[in-house]
Amino acid sequence: MELIVRAGPQVGQVLTGQAGKAEWSLGRSTDNDIVLNDAVASRKHGIVRFQPGGQAPLLIDNGSSNGITLNGQRLNGTAPLKNGDQIQVGQLVLEVSGIPAISSQSATEVFTPISNLPQTTGPMYPASETTQPSAPQTAPGYGYTPPSQTAPGYGYTPPPAAPVYNTPPAYDQYASNQYAAPPPPQSYPGMSSPQGGYYTNDAPPPPPPSGGSNRTIWLISGLGLAVLAIIVVVLLVLVLGNNKPTPVAVATATAVPTATAVPTATPVPTSTPVPTATAVPTATPAPTSTPAPTATARPTATATAAVSNSSLAATLAKTADTAYSAGNYQDAADAYQQASRLDPKNPTYFNGAGLAQIELARYPDAVASLRQAVSLDPTNVTYLDNLGYAYYLNQDLDKAEENFNAALKINPNSNAALYDLGLVYDDRGQYAKAAEQYQKAIKIKPDNYSYHLSLGGAYYRLDRLGEAEASYKKAIELNSKSGSSFNGLGNVYFSQRKFPDAIIQYNKAIEINPKSSTFFVNRGNCYIQIGDNAKAKADLTQAVALDPNNKRAKELLAQVGG
């Protein structure tokens, strides 16, 4: 699917997100899949969610301040899209094309919106040059700082592609018993019945029940023979007149009844001096061999269950990290939430869930998840900053400021918290305070071009043109492919009435993005200032061709007789 710009800046430009993603985010912030170059667009304005099975993709309003118009009607929540649909945000009109095929071609650079246009003689500049929200810190990691926190910190290996969900996750779909601890081990031999009991090598185990009657007959017969043998021996002794005092032979002969020791019902007389033979009963009382309690070890089984839950939670978190890195935010959110249910005392899982929910534009859910992470680890700067960012996106600037300040109280050198606090001030129009925060962030991380770009925008609005010029130049040095930085520098030169220098910067901006109506308007205005109406007319005509609704271009074109 692709979106073709039909009205607004960059008319004719084809916008598309990453092929294969579950959904594309739309908004003014440059971290969106589709950047809406219009001053009334919210940072996270809407979502295009793709459905499985060839179903029509859905257009979703993220609770934006100015709403979305679909085919002339205000969008109320969600609506399916089809080829030819017209999506309007402010003056920007996008035509839907390419359904059901999804283009794999990446969108060309899309520049941030233009707001607060200058007076008739002033240049136009993108609002994004002043405020570019930072993306959530690296995924929660398990070692994260993403969303890794950077998975959401999220460092694991990627999972197989998961199915795309059409709606927010049904959290109750993961029943608690689905990941319950495994049942205790089955009874070990000797725990419950004699059949499997532990027997010593002194005597064999009892025979199976089925042969009981035959054994009894043999025992009776054997006993009879033994008694008969004793009688014969006694008679022989009497006959021979042998009067020996203690018939040891008799005592030994009585050892034969040891066979009777098997049936426990037949008590072996303790008076019989054959205790050594009666050792057979030691096999019956399984006390010595019944380390069955040790075998049962139910407490050990409970510990095993806890370990299993923790291990399963860690495995789910790895899967979630991989899904997050692949842009499968719905799957990542689901897996992080499952992990948090299995191991509810691990804050990284809640942090990961919150960062995935931010990507899904489910800001209230993200706030709830990240609040839980902070409650478990209230001194974690990353969690505090992520919670503040969730509040910021949820348009609760006071709560956002509170959490950013809490993070900075713990770590005054958190560049992310400093920059994000600057965004809050920028949104409130407190440009001096915003510039102060951007400067602090730059001192800690001087190689982040977006910090310099935002600082240049704040200085420009404060009419501190020399400082704005330096900031834009530094942004260009760090990223020479940013048309917004060249356009911003051109605006500074225009305001200083250095029109030839401004034209040079606008030329570079146009080279990077020749589809920007704004860049042609600004260069055309410069030509008017130096009296080159022919070139001005050419630029302004091109601007109108790119964006027929560009009023500024039409006004200036009328001045040069176009």
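Residues numbered from 1 in each chain as written. Predicted model: local features only at pLDDT ≥ 70, side-chain atom pairs only at ≥ 80, totals over all residues. Heavy atoms only, no water.

Peer 1: Go over the overall build of the protein chain, please, and point to the residues and values.
Peer 2: Within the protein chain, the regular secondary structure consists of 18 helices and eleven strands. Carbon and sulfur atoms make up 57% of the accessible area of the protein chain, which totals about 26400 Å². (Helix = DSSP H or I, 4+ residues; strand = E, 2+ residues; numbered from the N terminus. Areas by Shrake-Rupley, 256 points an atom, 1.4 Å probe, with all protein chains shown as cover.)

Peer 1: Describe the sheet that holds strand β4 (residues 34-35), listing the residues and the values that go with them.
Peer 2: Consider a sheet: its strands pair through backbone hydrogen bonds, and that pairing is either parallel or antiparallel. Spatial ordering of the open sheet is given by β4-β3-β5-β6-β9, a layout of five strands whose pairing is mixed. The open sheet is flanked by β4 and β9 (78-80), the only strands paired with a single partner. Where strand β5 (residues 46-49) lies against strand β6 (residues 58-61), four bridges are found, and the strand directions are antiparallel. Paired with G46 across the strands is D61, a residue of β6. (Pairing = 2+ DSSP bridges.)

Peer 1: Tell me what's going on with the nonpolar core, and back it up with residues and numbers.
Peer 2: With 87 residues, the main nonpolar core has Y324, I358, Y392, Y438, Y472 and C526 as its most contacted residues. Sort the elements by how many residues they give to this core and helix α8 (residues 381-393) lands first, with nine residues. Membership of the second largest hydrophobic core comes to 22 residues, among which are I34, L75, I87 and V89. (Core = buried A, V, L, I, M, F, W, Y, C linked by side-chain atoms within 4.5 Å. Buried < 20%, exposed > 50% of the residue type's maximum accessible area, 1.4 Å probe, protein only.)

Peer 1: Any chance you could break down the sheet that holds strand β2 (residues 14-15) for me, citing the residues and the numbers?
Peer 2: Across the sheet, which stays open at both edges, the six strands sit in the order β2-β1-β11-β10-β7-β8 with antiparallel pairing between neighbours. What marks the edges here is a single partner per strand, and that holds for β2 and β8 (73-74).

Peer 1: Report on the side chain of S414, specifying residues and quantitative values.
Peer 2: With respect to the helices and strands, the residue S414 is situated in the loop between α9 (397-410) and α10 (415-427). The class of S414 is buried, set by a relative accessible area of 7%.

Peer 1: Help me get a handle on the environment of E23, residues and values and all.
Peer 2: Its place among the elements puts E23 in strand β3 (residues 23-27). For E23, a relative accessible area of 7% gives the class buried. For the pair E23 and Q51, spaced 28 residues apart in the sequence, the C-alpha separation amounts to 8.9 Å. Every residue in contact with E23, bar those within four places of it in the chain, is listed here: D33, I47, V48, R49, F50, E359 and L360. (Contact = heavy atoms within 4.5 Å.)

Peer 1: Explain the packing of aromatic side chains to me, and be specific about the residues and the numbers.
Peer 2: All chains considered together, the criterion is met by six aromatic pairs. Geometrically, the ring pair formed by Y389 and Y392 is stacked, given 6.2 Å between the ring centres and 25° between the ring planes. Within this pair, Y389 and its partner Y392 are both found in helix α8, separated by three residues, close to a single helical turn. Of the two residues, Y389 and Y392, both sit in the buried class. Ring plane angle 25° and centroid distance 4.5 Å describe the contact between Y419 and Y451, whose orientation is recorded as stacked. (Phe/Tyr/Trp six-rings, centres within 6.5 Å; stacked < 30°, edge-to-face > 60°.)

Peer 1: Kindly report on the environment of Y459, identifying the contributing residues and their values.
Peer 2: Relative to the elements of secondary structure, Y459 occurs in helix α12 (residues 449-461). Sequence separation of Y459 and Y431 is 28 residues, and the distance between their C-alpha atoms is 7.5 Å.

Peer 1: Describe the packing of α8 against α10, and please don't skip the residues or the numbers.
Peer 2: Contact pair α8 / α10: the axes reach a minimum separation of 10 Å and the direction vectors enclose 20°. Considered as vectors, α8 and α10 are oriented roughly parallel to each other. Along this stretch, α8 crosses α10, giving a crossing that reads as left-handed. Contact residues: α8 offers D385, Y389 and Y392, while α10 offers A416, A417, D420, L423, V424 and D427. Classifying every residue of the contact of α8 with α10 by side-chain character gives six nonpolar, no polar and three charged. (Axes fitted to C-alpha atoms, helices over the stretch in contact; angles between N-to-C directions. Parallel < 35°, antiparallel > 145°, perpendicular 65-115°, else oblique. Left-handed = near helix turned anticlockwise from the far one by under 90°. Nonpolar A, V, L, I, M, F, W, Y, C, P; charged D, E, K, R; others polar.)

Peer 1: I'd like to hear about the pattern of salt bridges, residue by residue, with values.
Peer 2: Oppositely charged side chains can form a pair if their charged atoms are brought close together. Enumeration over the complete set of coordinates arrives at 15 salt bridges. Two residues, D398 and R428, come together in a salt bridge whose shortest N-O distance is 2.9 Å. With a gap of 30 residues between them, D398 in helix α9 and R428 in the loop between α10 and α11 (431-444) connect regions that are remote in the sequence. By relative accessible area, which is 31% here, R428 ends up partly exposed. In this structure, K399 engages E402 in a salt bridge whose closest nitrogen and oxygen atoms are separated by 4.0 Å. Linking K399 with E402, this pair stays in helix α9, spanning three residues, or about one helical turn. (Salt bridge = Lys/Arg side-chain N within 4 Å of Asp/Glu carboxyl O.)

Peer 1: Lay out unusual backbone geometry with the relevant residues and their values.
Peer 2: Despite not being glycine, A361 shows a phi value in the positive range, around 60°. A positive phi angle is found at Q395, which is not glycine, with a value near 65°. Tracing the backbone through its elements, the reader meets Q395 in the loop between α8 and α9.

Peer 1: So what's going on with the side chain of S25? Which residues, and what values?
Peer 2: Among the structural elements, S25 can be located in strand β3. In contact with S25, other than residues within four places in its own chain, are D31, N32, D33, I34 and G46.

Peer 1: Could you give me a rundown of the environment of I512, with the residues and numbers involved?
Peer 2: Assignment of secondary structure puts I512 in helix α15 (residues 499-512). Residue class for I512 comes out partly exposed when judged on its relative accessible area of 28%. Put simply, I512 and S480 are 32 residues apart on the chain and 9.4 Å apart in space, counted from C-alpha to C-alpha.

Peer 1: Quick one: what's the story with the pairing of strand β10 (residues 86-89), residue by residue and with numbers?
Peer 2: Of the two faces of β10, only the one carrying I87 and V89 is buried; Q86 and Q88 on the other face are not. Taken together, the two bridges between strand β7 (residues 69-70) and β10 define a ladder with antiparallel strand orientation. In the sheet register, L70 faces β10, and the bridge partner there is I87. Relative to strand β11 (residues 92-97), β10 is paired through four bridges, and the arrangement is antiparallel. Paired with I87 across the two strands is L94, which belongs to β11. Turn length for the β10-β11 hairpin, with the two strands adjacent in sequence and antiparallel, is two residues, and the turn residue G90 shows positive phi of about 60°.

Peer 1: Explain helix α18 (residues 551-559) to me, and be specific about the residues and the numbers.
Peer 2: Among all positions in α18, only R552, A553, L556 and L557 are buried. The buried residues of α18 occupy one face: seen down the axis, they fall within an arc of 130°. In α18, the exposed positions angled more than 90 degrees off the buried face are occupied by K551 and A558. Residues of α18 that are buried in the fold lie against α16 (517-529) and α17 (533-546). (Arc of directions from axis to C-beta.)

Peer 1: With reference to specific residues and values, describe the pairing of β3.
Peer 2: In terms of burial, β3 is a largely internal element, five of the five residues being buried. As defined by bridge partners, β3 adjoins β5 across four bridges and the pair is classed as antiparallel. Across the sheet, S25 pairs through a bridge with I47, a residue of β5. Taken together, the two bridges between β3 and β4 define a ladder with parallel strand orientation. Bridged to L26 within β4 is I34.

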